Amino acid sequence: MDLSYSSEELAFRTEVRDWLMANLPADIRDKVVSYRHLSKDDYLRWHKILAAKGWAVPHWPQEWGGTGWNITQRYIYDEEFGIAGAPMLPPFGPAMCASVLLRFGTPEQKARFLPRIRDGDDFWVQGYSEPGAGSDLAALKTRAERVSTSSGDHYVVNGQKIWTTLGHYGDWIFCLVRTDSSAEKRQEGISFLLMDMTTPGITVRPLILMDGGHEVNEVFFDDVKVPAENLVFEENKGWTVAKYLLGHERMGSGSVGASKRELAALRALAARELKNGRPLLDDPRFRDRLSRTEIELQALEITSMRFLDKMRRSGQPPGADVSMLKIRGTEVQQAITELMMQAVGPMAQPFKAVDAGQIDHVTSRLAPRYFNFRKASIYAGSNEIQRNIIAKMSLGL
Amino acid sequence: MNFEYSDEQQQLADSLGKYLVGHYDFEQRKAIVDSASGCSETVWADLAAMGLTAIAVPEADGGFGGGALDLMAAMEACGQALVVEPLLDHVGLGGRLVGSAGSALQRSVLMPGVIDGSRRLSFAYLEPGRRYETAPLTTTAQPRAGGWVLDGSKCVVFGASQAQQLLVSAHTADGASLFIVDTTATGVTLNPSRTVDGQRVADVRFDEVALGADALLGVAGTAQPHIDEAVDFATALLCAEAVGAMKDANDATLAYLKTRKQFGVVIGSFQVLQHRIVECVIAAEQARSMAILAASKVDQAGSPAERARAVSAAKVKIADAARQISQEAVQLHGGMGMSEELKISHTFRRLTMIAQRFGDADHHLERYASLG
């Protein structure tokens, strides 16, 4: 039993840390640590920098541009991103679509899409949820009808997706669509389809959330013509693809690293804030809540390391362990946003200047950040769905 | 990074586990708890024969030179079986203090009996009205010709009535000191009681107890760091014991959810109950992580403050998880969970007391924060 990293792992950590320090653009870092949304250009700029270093897609097979790092190195890499305030690349292309293509794609599909994902040429987004299909994803209704013509087959897609994160930045979208409405089981009539978002008939409409930010969207499909070659895996077997993706979620540690950074920032903030002339940090009530959150994060970090070690030994995907980390990780993130907001007291109230005046202090973003992070326990499989997964997969209930 | 037990650690835990299954089932445990001494000499001798009393003793003193991590898997097994023999007090406190504070001569005299289990030790340090404070204040020792006179009283001394000798902390002119006192010495009065979870404790009074010069363990006035280290060490062992008891509680609850039928279906099919047991399983995982942290920091920390902070962080988590898991176990077992006849009610009591021993969550939260 040994909780410490090897000297090679520590050297790797230093390498990642030093490189991030030297190469992470200050304006991007500043946006991350002061809780502002990143523009498409920010993401692409950062992606290009990572791609030039060969670090954009570490987890891919080396023949496609992966680094060949082991899972511990990947964990350290993720954690250092969080600590540094470096944005993780949105997972939709590099982590999700690419994983699917690497497992199910034809050689032509791999050659066509993977290099562009690796190099940040295409911004990918995910079309899963629908107004009537959230946690119950198999209820999705967006239809794709196959049409044969002399110049080749294509699909005609009609329907709607919702909560499409960064859909307004998207060049491409991968979607689960219904190709057979008569299938006996709902899961059996679904297919995995790739669509160029410039195709006529696709409309993206912003959904503004309660923090005032534009992050998610509705995407409408109106007689959208998609070449049949954009079907991944077999028609009506999209559920197999979706399940594979679910079972291969990476055990990321980005949230552990980011939470460490934010807790340090919270400590600094609470040391400056005064309550009855004394630092808020010395207030026993505040201090207890901060301490409990720190302890929770410490437990989360060690649990992550334990699961990582187990994975390394068994060579098996992490399964329901990821669900456990998702639940606790998002709870810690949410607890921090709440403590941050409360730490600044009345200064959490002002949000936006009405007239020409500017409010550009970080305090004005703490309440919106708290609002925004209610999403964490909802997205990527709500925490209730995660509990269902644990009950079923690891407890046999 | 390595979170597996070594082969030796695993073998010890396996053979102990197997032994406890055969010799420490619910009925056998009940007989021990109800016996006059509340401790089975046979079990005690077997635990010693397995090496449990020798593992954490320094090699120079004839032990294996191991630490908390080496005892962790075994303590888990004890927690699972709700062992009541005072292993934690003997190994984690008594033996630990002799090893760290004793002179070479004292260690050579005392350790053989610690190792073979024939000299059972108990540590008397808590004083009435002072909750979890570890520094002696109201128990005092005055020098006199050829030795010391000990006065005062200690409370909730685990294993005192089962021990051959007590280690007693006392305030002396130079600070905190430790003394080795026979439980049968003139002026020593034990008032033993059974704890709510089947162990034995005693309140101990010292009235002008005459001690020889050799009763002072190590150097007068220098005991406090040793006391704090030993209590942290024992707390780490207690955390491991708690992890075993939590696992047992969760296993029992899960098995009950899968067999108990109501409304024509097993109650484990109800989502509201599924989510509650899932929360308990997550709490147990987090508790295990923190128990590992505590054990590795008492074995190897950069400073006493680093050690103390890690142990306190762990104890907060353990105390919270122990409460949550034990309460949910009883709730999900329904009325059966309250029954004296079911092990789960005993595990409930054990976990409840573990949450408070060596300091409850509030105590350790305060200590954690004060060291940050």
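Treat the numbers as computed from the prediction; the structure is a model and nothing was measured.

Bringing the overall build of chain A into the picture now. Assigned secondary structure in chain A consists of 12 helices and 10 strands. Over its C-alpha atoms, taken along the principal directions, chain A stretches across nearly 80 × 60 × 50 Å. Looking at the 397 residues of chain A, the share that counts as buried comes to 39%. In chain A, once contacts between residues fewer than 6 apart in sequence are set aside, the share between residues at least 24 apart is 70%.

When helices and strands are tallied, chain B shows 11 helices and nine strands. In terms of overall size, chain B behaves like a compact globule, its C-alpha atoms giving a radius of gyration of 21 Å where 372 residues would be expected to give roughly 21 Å.

Facing the 27 residues of chain B at the interface are 25 residues of chain A. Of all the secondary structure elements, the ones that give two or more residues to the side of chain B that touches chain A are helix H7 (224-259), helix H8 (271-299), helix H9 (304-333) and helix H11 (361-370) of chain B. In terms of residues, the side of chain B that touches chain A owes the most to one element, H8 of chain B, which gives 13 residues. Considering only residue class, the side of chain B that touches chain A consists of 18 nonpolar, seven polar and two charged.

Interfaces are often sized by the accessible area lost when the parts come together. Residues and elements named next belong to chain A. According to the domain assignment, chain A contains domain 1 (7-89), domain 2 (124-236) and domain 3 (251-394). If you average the C-alpha positions of domain 1 and of domain 3, the two centres end up 21 Å apart. Contacts between domain 1 and domain 3 engage 14 residues on the former and 15 residues on the latter. For the side of domain 1 that touches domain 3, the residue count by class is six nonpolar, four polar and four charged.

Attention shifts here to the nonpolar core. If you look at soluble globular proteins, the nonpolar side chains tend to sit buried side by side. Phe 179, Cys 239, Ala 242, Met 246, Met 290, Ala 291 and Ala 294 of chain B are the most contacted members of the largest nonpolar core, which has 167 residues in total. Examining the composition of this core, we find that 18 residues originate from one element, H7 of chain B, more than from any other. Contacts of Met 246 of chain B, omitting those with residues within four sequence positions, involve Ala 284, Ala 287, Ala 321, Ala 322, Ile 325 and Leu 351 of chain B. Counting 48 residues, the second largest nonpolar core, distinct from the first, contains Phe 92, Ile 173, Cys 175 and Leu 245 of chain A.

In terms of backbone geometry, most residues other than glycine have negative phi values and most peptide bonds are trans. Positioned with a positive phi, Asn 276 of chain A is a non-glycine residue whose angle comes to about 50°. Inspection of the secondary structure assignment puts Asn 276 of chain A in the loop between strand S9 (274-275) and strand S10 (278-279). On the basis of neighbour count, Asn 276 of chain A is assigned to the exposed category, with 6 C-beta atoms found within 10 Å. With a phi angle near 60°, Phe 358 of chain B is a residue other than glycine that sits in the positive phi range. With respect to the helices and strands, Phe 358 of chain B occurs in the loop between helix H10 (343-356) and H11. Given 24 C-beta atoms within a 10 Å radius, Phe 358 of chain B is considered buried.

Residues and elements named next belong to chain B. Counting through the fold element by element, Gly 187 comes out in the loop between strand S5 (175-182) and strand S6 (188-194). For the pair Gly 187 and Leu 150, spaced 37 residues apart in sequence, the C-alpha to C-alpha distance is 9.0 Å. Not counting residues up to four positions away in its chain, the partners in contact with Gly 187 are Phe 206, Asp 207, Glu 208 and Val 209.

Quick look at helix H7 (residues 238-247) of chain A now. Residues and elements named next belong to chain A. Of all the positions in H7, only Gly 238, Val 241 and Leu 245 are classed as buried. Projection of H7 onto a plane perpendicular to its axis shows the buried side chains occupying an angular sector of 60°, all on one side. Counted as exposed and oriented over 90 degrees from the buried face of H7: Lys 243 and Gly 247. Contacts made by the buried residues of H7 are with helix H5 (92-104), strand S4 (172-178), strand S5 (190-196) and strand S8 (231-232).

Another point: the domain arrangement of chain B. Residue and element names in this part refer to chain B. According to the domain assignment, chain B contains domain 1 (7-119), domain 2 (122-215) and domain 3 (224-370). If you average the C-alpha positions of domain 2 and of domain 3, the two centres end up 30 Å apart. The partner domain 3 presents 11 residues to the 11 residues of domain 2 that form the contact.

Residue and element names in this part refer to chain A. With their axes 9 Å apart at the nearest point, helix H10 (residues 321-343) and helix H12 (residues 383-394) run at an angle of 150° to one another. It follows that H10 is roughly antiparallel to H12 by the angle criterion. You can see that H10 and H12 cross each other, and the crossing is left-handed. Mapping the contact onto sequence places Ser 323, Met 324, Lys 326, Ile 327 and Thr 330 in H10 and Asn 383, Gln 386, Ile 389 and Ile 390 in H12. Residue composition of the contact of H10 with H12, by class: four nonpolar, four polar and one charged.

On to helix H1 (residues 7-23) of chain B, then. Residues and elements named next belong to chain B. In a regular helix each residue adds 1.5 Å, so 17 residues correspond to 24 Å; H1 covers 24 Å between its end C-alpha atoms and thus fits that length. Turning to H1, its buried residues are Leu 12, Ala 13, Leu 16 and Leu 20. Projected down its long axis, H1 shows its buried positions confined to an angular sector of 95°, all on one face. Exposed residues pointing more than 90 degrees away from the buried face of H1 are listed as Asp 7, Gln 10, Gln 11, Lys 18, Val 21 and Gly 22. Among the structural elements, helix H4 (68-81) are those in contact with the buried residues of H1.

For the rest of this paragraph, the subject is the packing of helix H9 (residues 284-314) of chain A against H11 of chain B. Where H9 of chain A contacts H11 of chain B, the axes come no closer than 10 Å and their chain directions differ by 90°. Here H9 of chain A is positioned roughly perpendicular relative to H11 of chain B, judged by the angle of their axes. Judged by residue contacts, Arg 287, Asp 288, Ser 291 and Arg 292 of chain A of H9 of chain A engage Leu 365, Tyr 368 and Ala 369 of chain B from H11 of chain B. Within the contact of H9 of chain A with H11 of chain B, the residues separate by chemical class into three nonpolar, one polar and three charged.

On to the pairing of strand S3 (residues 154-162) of chain A, then. A regular strand places its side chains on the two faces of the sheet in alternate fashion. Residues and elements named next belong to chain A. Pairing analysis gives five bridges linking strand S2 (residues 143-147) to S3, with the strands arranged antiparallel. Opposite Arg 143, over in S3, you have Asn 158 as the bridge partner. Adjacent in sequence and paired antiparallel, S2 and S3 are bridged by six residues, among which Gly 152 carries a positive phi angle near 120°. Where S3 lies against strand S7 (residues 214-227), eight bridges are found, and the strand directions are antiparallel. Each bridged residue has a counterpart across the sheet, and for Gln 160 the counterpart in S7 is Phe 220.

In this section: the environment of Ile 267 of chain B. All names here are of chain B. Turning to its location among the elements, Ile 267 is positioned in the loop between strand S9 (265-266) and H8. Spatially, the C-alpha atoms of Ile 267 and Leu 257 are 5.4 Å apart, while their sequence positions differ by 10 residues. Apart from the residues lying within four places of it in its own chain, the contact partners of Ile 267 are Leu 257, Arg 260, Gln 262 and Leu 273.

Moving on, we get to the confidence of the model for chain B. Averaged over all residues, the pLDDT of chain B equals 97, while 100% of them reach at least 70. At the level of chain-chain contacts, confidence expressed as ipTM amounts to 0.96, with global pTM at 0.96.

Conventions and cut-offs
- Residues numbered from 1 in each chain as written.
- Chains lettered and ligands numbered in written order.
- Predicted model: local features only at pLDDT ≥ 70, side-chain atom pairs only at ≥ 80, totals over all residues.
- Helix = DSSP H or I, 4+ residues; strand = E, 2+ residues; numbered from the N terminus.
- Buried ≥ 20, exposed ≤ 12 C-beta atoms within 10 Å, placed from the backbone.
- Contact = placed C-beta atoms within 7 Å.
- Rg over C-alpha atoms; globule rule 2.2 N^0.38 Å.
- Nonpolar A, V, L, I, M, F, W, Y, C, P; charged D, E, K, R; others polar.
- Domains from an automatic or database assignment.
- Core = buried A, V, L, I, M, F, W, Y, C linked by C-beta atoms within 7 Å.
- Arc of directions from axis to C-beta.
- Axes fitted to C-alpha atoms, helices over the stretch in contact; angles between N-to-C directions.
- Parallel < 35°, antiparallel > 145°, perpendicular 65-115°, else oblique.
- Left-handed = near helix turned anticlockwise from the far one by under 90°.
- Expected span 1.5 Å × (residues − 1).
- Pairing = 2+ DSSP bridges.
- pLDDT = per-residue confidence, 0-100.

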